[in-house]
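Analysis of the macromolecular model
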Amino acid sequence: MGLSNYEMAAKSENELWKRKITTKSGMMKRMAKKAQGKMNDLIPEKIHLVMTESIKKMVEAALYGSEYLTKSQVSTILELEEIEMNIRKKIEFYKKTAAIEGAGTGAGGFMLGLADFPLLLSIKMKLLFDISAIYGYDIRSMEERLFILTVFQLAFSNDDKRMNQLVRIENWEKDDQGSNEIDWKILQQEYRDYIDFVKLLQMLPGIGAAVGAYANFNLLDYLGETAIQAYRIRYFNEKS
């Protein structure tokens, strides 16, 4: 059976997206990355410890806990267009939730700024679990939880690591996923490098609330779009 018009458009978008994310970052982005590394050295060790511990607990919960389980799974008889329509509604809900949370913690200064990090992580993981369930996958299985964490790494990694995660996703059905475990130390390093700077700005008096709302809204938007494209890869691989 051939692809529907929506599926053909989605497949084209997916190919364009893969080319985009596999293009090496430009000079300005690499310079910003270097500057960010210097900024990271100025961040108090207490903040680094909170970030590291939050990510470790998030990974462990995502792999072994039930915190992110969705009550019911969406029927796989839905067409891709209907599935993704439901997903985009879910993404909009989580973007607004994250923005409200970011504004509230950003307005509270240093201590509430620290609280934002684990709260935002929890919102992101809940979104990924919901997206997986809407696509019809069994989020209770270890394989699916590993895939969710791979999508998370794909979204929040540098050029080289992002390529590795994309290859894993493209070959997901072929590989032995039981032995394909997540290295949470690498995950937390990449994630911290990705958002440390904006989280530091969020703790500054006067601008913290605006920065928190804007940053969280856009981070959830980016994560949601990355997840859609990652699941499209699996969808079209399974149809071929």
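Rules and cut-offs
- Each chain has its residues counted from 1, running along the sequence as written.
- The predicted nature of this model means local features are confined to residues of pLDDT at least 70 and side-chain atom pairs, given and counted, to a pLDDT of 80 or more, with totals for whole chains, interfaces and linings taken over all residues.
- Working from all heavy atoms in the structure, the side-chain values ignore hydrogens and water.
- Secondary structure elements follow DSSP: runs of H or I of four or more residues count as helices, runs of E of two or more count as strands, with numbering from the N terminus.
- Each residue gets one of three labels from its accessible area relative to the maximum for its type: buried under 20%, exposed over 50%, partly exposed in between, using a 1.4 Å probe on protein chains only.
- Note on definitions: a residue-residue contact is assigned when non-hydrogen atoms from the two residues lie within 4.5 Å.
- Throughout, the Shrake-Rupley method with a 1.4 Å probe supplies accessible areas, and for residues the shown protein chains are the sole cover considered.
- What makes a nonpolar core is a set of buried Ala, Val, Leu, Ile, Met, Phe, Trp, Tyr and Cys residues whose side-chain atoms join them at distances within 4.5 Å.
- Ring pairs shown here join Phe, Tyr and Trp side chains whose ring centres sit within 6.5 Å, with only the six-membered ring taken for Trp; geometry is labelled stacked below 30 degrees between planes, edge-to-face above 60, and tilted in between.
- We call a charge positioned over a ring when the NZ of a Lys or the CZ of an Arg lies within 6 Å of the ring centre and within 35 degrees of the ring normal.
- Confidence scores here are pLDDT values: one per residue, from the predictor, ranging 0 to 100.
- In this description, a line fitted to the C-alpha atoms serves as the axis of each element, helices being fitted only across the stretch in contact, and the angle between N-to-C directions of two axes falls anywhere from 0 to 180 degrees.
- When describing relative orientation, an angle under 35 degrees is termed roughly parallel and one over 145 degrees roughly antiparallel, while 65 to 115 degrees is termed roughly perpendicular and anything else oblique.
- Each residue receives one of three labels: charged for Asp, Glu, Lys and Arg, nonpolar for Ala, Val, Leu, Ile, Met, Phe, Trp, Tyr, Cys and Pro, and polar for the others, Gly being one of them.
- Take the far helix as the reference: if the near one is turned anticlockwise from it by less than a right angle, the crossing is left-handed, and if turned clockwise, right-handed.
- Whenever Lys or Arg places a side-chain nitrogen within 4 Å of a carboxyl oxygen from Asp or Glu, that contact is recorded as a salt bridge.
- Under the rule applied, a polar contact is a pair of N or O atoms within 3.5 Å (in protein, one hydrogen donor and one hydrogen acceptor; residues adjacent in sequence only if both atoms are side-chain atoms).

The subject of this paragraph is the overall build of the chain. Per the secondary structure count, the chain includes nine helices and zero strands. Listing the helices and strands of the chain from first to last along the sequence gives α-α-α-α-α-α-α-α-α. When the 240 residues of the chain are sorted by exposure, 47% land in the buried category. For the chain, contacts bridging at least 24 residues in sequence account for 83% of all contacts bridging at least 6. A total of about 12300 Å² of accessible surface is found on the chain, and carbon and sulfur atoms cover 59% of it.

Our focus in this paragraph is the nonpolar core. One finds Met-58, Met-125, Tyr-135 and Phe-152 to be the most contacted residues of the largest nonpolar core, which totals 53 residues. Only helix H1 (5–21), helix H3 (45–64), helix H4 (80–106), helix H5 (109–134), helix H6 (142–155), helix H7 (159–170), helix H8 (184–202) and helix H9 (208–239) provide two or more residues apiece to this core. What Met-125 contacts, discounting residues up to four positions off in sequence, is Met-58, Ala-62, Tyr-68, Ile-148, Leu-149 and Phe-152.

So, about the packing of aromatic side chains. What characterises a pair of aromatic rings is the spacing of the ring centres plus the angle enclosed by the ring planes. One pass over the full model with this rule turns up eight aromatic pairs. Centre to centre, the rings of Phe-93 and Tyr-94 are 5.3 Å apart; their planes meet at 75°, and the pair counts as edge-to-face. Accessibility expressed as a relative area gives 51% for Phe-93, which makes it exposed. Here the aromatic residues Tyr-135, Tyr-137, Phe-147, Trp-172 and Tyr-231 are joined through ring pairs into a cluster of three or more. The ring of Tyr-137 is capped by Arg-234, whose NZ or CZ atom sits 3.9 Å from the centre of that ring. The positively charged end of Arg-234 is found above the aromatic ring belonging to Phe-147, 4.2 Å away from the centroid.

Residue-level pLDDT values for the chain average 78, and 67% of them are 70 or greater. Taken element by element, the predicted model of the chain shows its lowest mean pLDDT in helix H2 (residues 27–42) (54) and its highest in H1 (95). Contacts from residues 106–111, a stretch scored under 50 in pLDDT, to residues over four places away or in other chains number nine contacts.

Their axes nearest at 10 Å, the elements H1 and H7 cross at an angle of 150°. On the basis of the axis angle, H1 is roughly antiparallel to H7. Here H1 contributes Trp-17, Lys-18 and Ile-21 to the contact with H7, which in turn contributes Arg-162, Leu-166 and Glu-170. Tallied by class, the residues present in the contact of H1 with H7 amount to three nonpolar, no polar and three charged.

Attention now goes to the packing of H6 against H7. Direction vectors running N to C along H6 and H7 enclose 145°, while the axes themselves pass 8 Å from each other. Crossing of H6 against H7: the hand is left-handed. Across the interface between the two elements, Phe-147, Thr-150, Val-151, Gln-153 and Leu-154 of H6 pack against Arg-162, Gln-165, Leu-166, Arg-168 and Ile-169 of H7. Within the contact of H6 with H7, the residues separate by chemical class into five nonpolar, three polar and two charged.

Time to look at the pattern of salt bridges. Scanning all chains against the criterion turns up 13 salt bridges. Close ionic contact of Glu-13 with Arg-232 constitutes a salt bridge, the shortest N to O distance being 2.9 Å. Of this pair, Glu-13 sits in helix H1 while Arg-232 sits in helix H9, and the two are 219 residues apart along the sequence. Notably, a salt bridge pairs Lys-95 with Glu-92, separated by 2.9 Å at the nearest N-O pair. Taken together, the positions of Lys-95 and Glu-92, both in helix H4 and three residues apart, correspond to about one turn of that helix. For Lys-95, a relative accessible area of 6% gives the class buried. Classification of Glu-92 as partly exposed rests on a relative accessible area of 34%. Several salt bridges share partner residues, and in doing so they unite Glu-13, Glu-84 and Arg-232 into one network.

Structurally, Ser-141 is set in the loop between H5 and H6. It is 9.0 Å that separates the C-alpha atoms of Ser-141 and Leu-63, two residues lying 78 residues apart in sequence. For Ser-141, the side chain forms a polar contact with the main-chain oxygen of Asp-138, separated by 3.0 Å.

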